[in-house]
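Chain by chain, the residues run as shown.
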Amino acid sequence: MEEASGRRSKLTIRSEREREREREREREQYRSSMLQCIFLLSDSGEVILEKQLTGHRVDRSICAWFWDQADSLKSLPVIASPTHYLFQIVRDGITFLACTQVEMPPLMAIEFLCRVADVLSDYLGGLNEDLVKDNFIIVYELLDEMIDNGFPLTTEPNILREMIAPPNLVSKMLSVVTGNASNVSDTLPSGTGSCVPWRPTDPKYSSNEVYVDLVEEMDAIVNRDGELVKCEIYGQVQMSSQLTGFPDLTLSFANPSVLEDMRFHPCVRFRPWESHQVLSFVPPDGQFKLMSYRVKKLKNTPLYVKPQITSDSGACRVSVLVGIRSDPGKTIESITLSFQLPHCVSSADLSSNHGTVTILSNKTCTWTIGRIPSDKTPCLSGTLALETGLERLHVYPTFKVGFKIMGIALSGLRIEKLDLKTIPPRLYKGFRAQTRAGEFDVRL
Amino acid sequence: MPPPAASSRYPSPSQPSGKSEVTDLKSQLRQLAGSRAPGVDDSKRDLFKKVISYMTIGIDVSSVFGEMVMCSATSDIVLKKMCYLYVGNYAKGNPDLSLLTINFLQRDCKDEDPMIRGLALRSLCSLRVPNLVEYLLGPLGSGLKDNNSYVRTIAVTGVLKLYHISASTCIDAEFPATLKSLMLHDSDAQVVANCLAALQEIWSLEASHSEEACREKESLLSKPLIYYFLNRIKEFNEWAQCLILELAVKYVPSDSNDIFDIMNLLEDRLQHANGAVVLATVKVFLQLTLSMTDVHQQVCAIVSVYERIKSPLLTLVSSGSPEQSYAILSHLHLLVVRAPFIFASDYKHFYCQYNEPSYVKKLKLEMLTAIANESNTYEIVTELCEYAANVDIEIARESIRAVGKIALQQYDVNAIVDRLLQFLEMEKDYVTAETLVLVKDLLRKHPQWSHDCISVVGGISSKNIQEPKAKAALIWMLGEYAQDMSDAPYILENLIENWEEEHSAEVRLHLLTAAMKCFFKRAPETQKALGIALAAGIADFHQDVHDRALFYYRVLQYDVHVAESVVSPPQQAVSAFADTQSSEIKDRIFDEFNSLSVIYQKPSYMFTDKEHRGPFEFSEELGSTSITPEVSSDIVPAQQFEANDKDLLLSTDEKDDNKGLSSNNCSAYTAPYESSNISSQMQELAISGPAASATTTQSSFDFDDLLGLGLSAAPAPTPSPPLLKLNPRASLDPRAFQQKWRQLPISLTQEYSVNPQGIAALTVPQSLIKHMQSHSIHCIASGGQSPNFKFFFFAQKEAEPSDYLTECIINSSSAKAQIKVKADDQSTSQAFATVFETALSKFGMP
């Protein structure tokens, strides 16, 4: 076989072992259980927690591999390592890393990790390494109920809350009744037994309360010529309900036609919305997001930002004016302006006639304005010194605007009424609205 | 990418060594184990917590296994959970100890608290110790009948776990039948969903060797069952909905009514808050439209489906976390490439926000490039130009490239050219570099813009350009438009004088060519520079530079006019640049919507089957570095396959040809071996059409001689050979194959045409191997890359141990397959060749 062996490099011998591996792979193909392991990593790459999900143990060394990758690869949400596919999300410095060896819908893994992060931060009252380490038993318990054999199970926070007591509750119980047989089990499996999966069977409250919050974020881009390139509202209807029994609610808007691209909580019935644009639903117990929506093509932002930079012979003059463009009728609060100084700026001397200016060592400059004063227009001005050798500035910063307006939804969406089919005793209904800046970029 | 080193764990520096602490814990636990004192559960909790925190940071606490189990006799649920967690982690490593746990877990499975029953059952099934499966049957059986749905849910998943530990035990206990009836009758949606997941997996795996399982597997896709699930899809939680939707993707609808019914049922799923549900629904919709028979109807449906799914997807992009946006954008990209016009008016959705991570920005830039058309180009290019001044240099570069791509795909590039030229005025080195490359490409496609471009490009000082690609582009323009740029010869001369400082071979090659072109147009000014360039080029250590310089020199020597017609023929505009991805590959990815393939922009066979991909990569790598044998032998150990191959192939060589060499001398012996190998490899690479036919004729002489027939090279028209039966389970040791191949004479050489479908399918060489295997012809070795593939096959006669060995070389560009057959029983080799040809001709056919 001179010929064949002569081209050794181009051939592969299919050994028995390989065929065995092939069969193994075929078997793997049909695994519906998908995620094999979840790791929580600290911001220094240390494994805080590891949860194996299937019989195929994933070695911790995969985390070391992951952490050693270059940033451009490491930041991607989906990564192919030599042995596994990795999904990751980063929340508050903690990396949630999931591993699999089978083909699966990537969004499912990412959505699930997002849900894990949300539930944990909800349970622990925030997310950081110490919180997770202090409460790792809770985290294990939660993961146990959220995913079994690699397939997501219960991620509805209200039901989880019934199965696993949040940490403060556990410690409270412990201090009051030590040695109490079982602190949660009585109410426990009712969530899964309920015919409405998001609601426990029969909660009872002495006072019945339901609150509706419209929370809107404005995303806008203003280009170099001061034109409004894009201006949209991303809004959520958040609810908090503490209602006895099995309430059936109807929420209607005064002007539902402004809404686009709605997404609903599973409790919302689709047909009433399609026919009359009313939200009809049996709410989960506690806080939840009823729907999200988008309102596009808004004509105006409440604020204007007018930046100007002129540069000549190694120095730049900066001036930025901020003011109210269209008065929303309520006070605009917490106005901030932040931007990244270009790399070639060696030093900056900036000051303002209102509010405070801070420049961090990473060249992030933040101007905290607060409210717009009635007597003057807030103005940031000063000079930037360029690195030696540079005549003019060629890279310009983008200004990020922050603001908050309480009591108004800038999209103009208004809630008309909230009805209950059967009105429980002592019912309190409340409505609120607020708008804040989402991604509001002003380019220069 | 090297595999992660197994030893590199993550010990935190402050972490205790653990030894003494663990012994300490052990004795404390022992004290508590028997105690019934009030408050003992609290102390246990603290200790358990300590044990588990050690376990979490990676300290081995398996030595307290016995104590942990003893302490777990408690009614405290948190303690139980901690104990289950601990046991689950260590049972696999300590099968003896886990017998201990079985007892208490079994008892807990009968606890009155459903949560304890459920948790105990889950832990029991998660122990995964093969010799303890008999203890699982009882608890699982009663768990499936439990009146609490929480326990049933866990029991169903438990059955699947049992199946993976011991499939036969699971089947013998008739659990699949129980699951089936639960799936159809249980009142709890989660139980039903888990049954579906478990049955899908079990029946798919069983299908290969049980007809009943095969029928059951198909029955999952029957119309009544699909509708049973789809009608009540809202009762399931979001993840179970994904599962059902994936099942629906595989369903083949009976007619168009069926299709519309399903679409109506699922329409509101597109507005679900969970992106995974939305994408799974989108996949069902796409699959349904693909299955439409009426083409006209299909086109209408596709457009309306695209319109329908567009807005939920766009919302997901802008409202989710960056990670979610990334996954959805990857899928949107697929749709956008298919139907850019549908998304043309939504371009603003793809504008980059300042705070977005660059992986999202990059995808958005691709999207903007894809949807640019006459109606929105102005806005898109304006937007892209703003990014060029972005602080993020990588994104700035990408956006300039995007502007260039749009310019290349548009007819009216007037405004874009102006924008590109403005980039050059920004005097930012990386902007200039990217722009120069683009201007070059643009000029190749639209030479009519040369005047506008040249005047600006001429003003750029070559000293400010460092990147080889950009420098090469500038030099190309200097050569191509030497007549329009007054100082072109002098700039070139300047560059040539600094030949030594220019390290990139690409730039040197372009310098040579540009000097030549310039010479033909403005000889007196360039002659000197050209002379220097040619001299420097011929002395260059880089092979290509040397060869090109020598070639130019000789052509010039031969005839200057010939040289001109060779080096500087009249310009021809490039009409289209090659697409990097074939449409066939794009189609494949599209079929795999809602999978990892989409993210990698490759069909799954290109990345999931790592071990198969290995050898092909391997040969590429060797091919590119084979000039120095040392290098290739350095590279070789990086591939795990190498050990195998070398073993198998070298061992025979050593024994038969190189008896004098001891095996530990292996590396010394590799080098000469390698070099002979390279020459043959080179030859093979050089072989295309003509050379291949030469070997055919030569070997067909062998064949003629052997059979003593005349000179006709065509297959002998022997009386129709008896039908040959092959053994479908033939096996042959690779070593035996090699030996036989050496010993046997070639009994037959033939050439066949391969049908175009076959050639298309050959993009996955593995598929041919599978295909031939289905005809009882087995592959023992394969290799090569497009267009030349080489396979070694073997087959065995049905009844007797008589082997056929075949070498098959397929050239995918000429669509010819050339086979050499060697056989134990030469009289039947023609019959085998017929079988082989028949099998090959069916390759790629549906």
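Bear in mind the structure is a predicted one, so any value in this text is a computation, not a measurement.

(A) Up close: the overall build of chain B. Helix and strand counts for chain B stand at 42 helices and five strands. When each of the 846 residues of chain B is scored for burial, the buried share is 55%. Put simply, 65% of the contacts in chain B that link residues at least 6 apart link residues at least 24 apart. Total accessible area on chain B is roughly 36700 Å²; 54% of this is exposed by carbon and sulfur atoms.

(B) Main features of the overall build of chain A. If you tally the helices and strands in chain A, you get 11 helices and 24 strands. For chain A, with 444 residues in total, the buried portion stands at 58%. Long-range contacts, defined here as pairs at least 24 residues apart, represent 68% of the contacts in chain A between residues at least 6 apart. A total accessible area of about 18000 Å² is found for chain A, and carbon and sulfur atoms account for 48% of it.

(C) Up close: the sheet that holds strand β10 (residues 228-242) of chain A. Residue and element names in this part refer to chain A. The nine strands are arranged β12-β14-β10-β9-β24-β22-β17-β20-β19 in an open sheet whose pairing can be described as mixed. Lying at the two open borders of the sheet, with one neighbouring strand each, are β12 (260-264) and β19 (356-359). Across the sheet, the mean angle from the axis of one strand to that of its neighbour is 15°, orientation sign disregarded. Two elements, strand β9 (residues 208-222) and strand β24 (residues 427-443), share 14 bridges in a ladder whose sense is parallel. Bridge pairing in β24 links E217 to R436.

(D) Just the environment of E156 of chain A, in detail. As for its placement among the helices and strands, E156 of chain A is situated in the loop between β8 (151-152) and α8 (157-163). Separated by 132 residues in the primary sequence, E156 of chain A and F288 of chain A place their C-alpha atoms 9.7 Å from one another.

(E) Structural context of a nonpolar patch on the surface. Residues and elements named next belong to chain B. On the surface, a cluster of nonpolar side chains totalling about 410 Å² of accessible area is made up of F551, Y558, V562 and V566. Where the nonpolar patch is concerned, the elements lending two or more residues are α30 (543-558) and α31 (560-567). Mapped onto the fold, V562 is located in helix α31. Under the relative-accessibility criterion, V562 is labelled partly exposed at 30%.

(F) Examining the pattern of salt bridges more closely. Residues and elements named next belong to chain B. Per the counting criterion, the structure on display carries 47 salt bridges over all chains. Note that K310 and D346 form a salt bridge whose closest N and O atoms lie 2.9 Å from each other. Of this pair, K310 sits in helix α17 (residues 295-319) while D346 sits in the loop between α19 (340-343) and α20 (358-371); the two residues are 36 residues apart in sequence, bridging distant segments of the chain. What makes K310 buried here is its relative accessible area of 12%. With a relative accessible area of 11%, D346 lands in the buried category. What emerges from the salt-bridge pattern is a single network uniting R397, E398, R401, E434 and E467.

(G) Region of the structure containing the packing of aromatic side chains. Using the criterion set out here, one finds 18 aromatic pairs over all chains in the structure. Ring plane angle 55° and centroid distance 4.6 Å describe the contact between F339 of chain A and F399 of chain A, whose orientation is recorded as tilted. One end of the pair, F339 of chain A, is in strand β17 (residues 332-340); the other, F399 of chain A, is in strand β22 (residues 398-406), with 60 residues separating them in the sequence. Here a set of aromatic residues connected by ring pairs shows up, and it is made of F791, F793, Y804, F832 and F836 of chain B. K306 of chain A extends its terminal NZ or CZ atom over the ring of Y304 of chain A, reaching a point 4.7 Å from the ring centre.

(H) Representation of the sheet that holds strand β2 (residues 37-41) of chain A. All names here are of chain A. Strand order in the open sheet made by the five strands is β3-β2-β6-β5-β4, with antiparallel pairing throughout. If you trace the sheet from one side to the other, it starts and ends with β3 (47-52) and β4 (78-80), each paired once. Neighbour-to-neighbour, the strand axes of the sheet open up by a mean angle of 20°, direction not taken into account. Sheet analysis places β2 next to strand β6 (residues 94-100), joined by five bridges and oriented antiparallel. Bridge pairing in β6 places C37 opposite C99. Where helix α7 (residues 136-146) meets the sheet, it contacts β2 and β3, and its direction lies at approximately 30° from that of β3.

(I) Broad picture of the confidence of the model for chain A. Residue and element names in this part refer to chain A. This prediction gives chain A a mean pLDDT of 80; 85% of its residues lie at or above 70. Within chain A, the lowest mean pLDDT, 40, falls on helix α10 (residues 190-193), and the highest, 92, falls on β2. Within the model, pLDDT remains below 50 along residues 1-14, and this stretch shows 63 contacts once partners closer than five positions in the same chain are excluded. Throughout residues 169-195 the model reports pLDDT below 50, and contacts reaching past four residues in sequence, or to other chains, amount to 39 contacts.

(J) Focus on the confidence of the model for chain B. Residue and element names in this part refer to chain B. Of all residues in chain B, 78% have pLDDT values of 70 or greater, and the mean over the chain is 74. Here residues 1-16 is modelled with pLDDT under 50, and outside its nearest four sequence neighbours on either side it reaches 28 contacts, counting other chains as well. Note on residues 606-721: pLDDT is under 50 here. Beyond four places in sequence and across chains, it has 136 contacts.

(K) Up close: the pairing of β22 of chain A. All names here are of chain A. For β22, the tally of buried residues reaches seven of nine residues, placing the bulk of the element in the interior. The pairing of β22 with β24 spans six bridges and is antiparallel. Looking at β24, one finds that F399 is bridged to V442.

(L) Representation of the side chain of S776 of chain B. All names here are of chain B. Tracing the chain through its elements places S776 in the loop between α41 (765-774) and β2 (778-785). For S776, a relative accessible area of 10% puts it in the buried group. If near-sequence neighbours (up to four positions away) are discounted, S776 is found in contact with L726, N727, P728, F794 and A795.

(M) The state of the cysteines, seen in detail. Counting across every chain of the model gives zero disulfides over all chains. With no disulfide of its own, C344 of chain A lies closest to C316 of chain A among cysteine sulfurs, the gap being 7.5 Å. What makes C344 of chain A buried here is its relative accessible area of 10%. Here C125 of chain B stays unpaired: no disulfide links it, and the sulfur of C109 of chain B, its closest cysteine neighbor, is 7.7 Å away.

(N) Representation of the nonpolar core in the model. Ranked by internal contacts, the top residues of the largest apolar core, which has 281 residues, are F39, F87 and F96 of chain A together with V61, Y86, L332 and L436 of chain B. Not counting residues within four places of it along the chain, the set of residues in contact with V61 of chain B comprises V22, V51, Y54, M55, Y86 and Y90 of chain B. One finds L259, C316, L337 and I369 of chain A within the second-largest nonpolar core, a separate group that totals 63 residues.

(O) Just the packing of helix α21 (residues 377-388) of chain B against helix α22 (residues 393-409) of chain B, in detail. Residue and element names in this part refer to chain B. Where α21 meets α22, the closest approach of the two axes is 8 Å, and the angle between their N-to-C directions is 155°. Judged by the inter-axis angle, α21 sits roughly antiparallel to α22. Read as a crossing pair, α21 and α22 show a hand that is left-handed. Judged by residue contacts, T377, I380, V381, L384, Y387 and A388 of α21 engage A396, S399, I400, A402, V403 and I406 from α22. Classifying every residue of the contact of α21 with α22 gives 10 nonpolar, two polar and no charged.

Reading the values: the criteria
- Residues numbered from 1 in each chain as written.
- Chains lettered and ligands numbered in written order.
- Predicted model: local features only at pLDDT ≥ 70, side-chain atom pairs only at ≥ 80, totals over all residues.
- Heavy atoms only, no water.
- Helix = DSSP H or I, 4+ residues; strand = E, 2+ residues; numbered from the N terminus.
- Buried < 20%, exposed > 50% of the residue type's maximum accessible area, 1.4 Å probe, protein only.
- Contact = heavy atoms within 4.5 Å.
- Areas by Shrake-Rupley, 256 points an atom, 1.4 Å probe, with all protein chains shown as cover.
- Pairing = 2+ DSSP bridges.
- Axes fitted to C-alpha atoms, helices over the stretch in contact; angles between N-to-C directions.
- Patch = residues over 30% accessible without salt bridge, like charges linked within 9 Å, V, L, I, M, F, W, Y side chains within 5 Å.
- Salt bridge = Lys/Arg side-chain N within 4 Å of Asp/Glu carboxyl O.
- Phe/Tyr/Trp six-rings, centres within 6.5 Å; stacked < 30°, edge-to-face > 60°.
- Lys NZ or Arg CZ within 6 Å of the ring centre and 35° of its normal.
- pLDDT = per-residue confidence, 0-100.
- Disulfide = S-S within 2.5 Å.
- Core = buried A, V, L, I, M, F, W, Y, C linked by side-chain atoms within 4.5 Å.
- Parallel < 35°, antiparallel > 145°, perpendicular 65-115°, else oblique.
- Left-handed = near helix turned anticlockwise from the far one by under 90°.
- Nonpolar A, V, L, I, M, F, W, Y, C, P; charged D, E, K, R; others polar.

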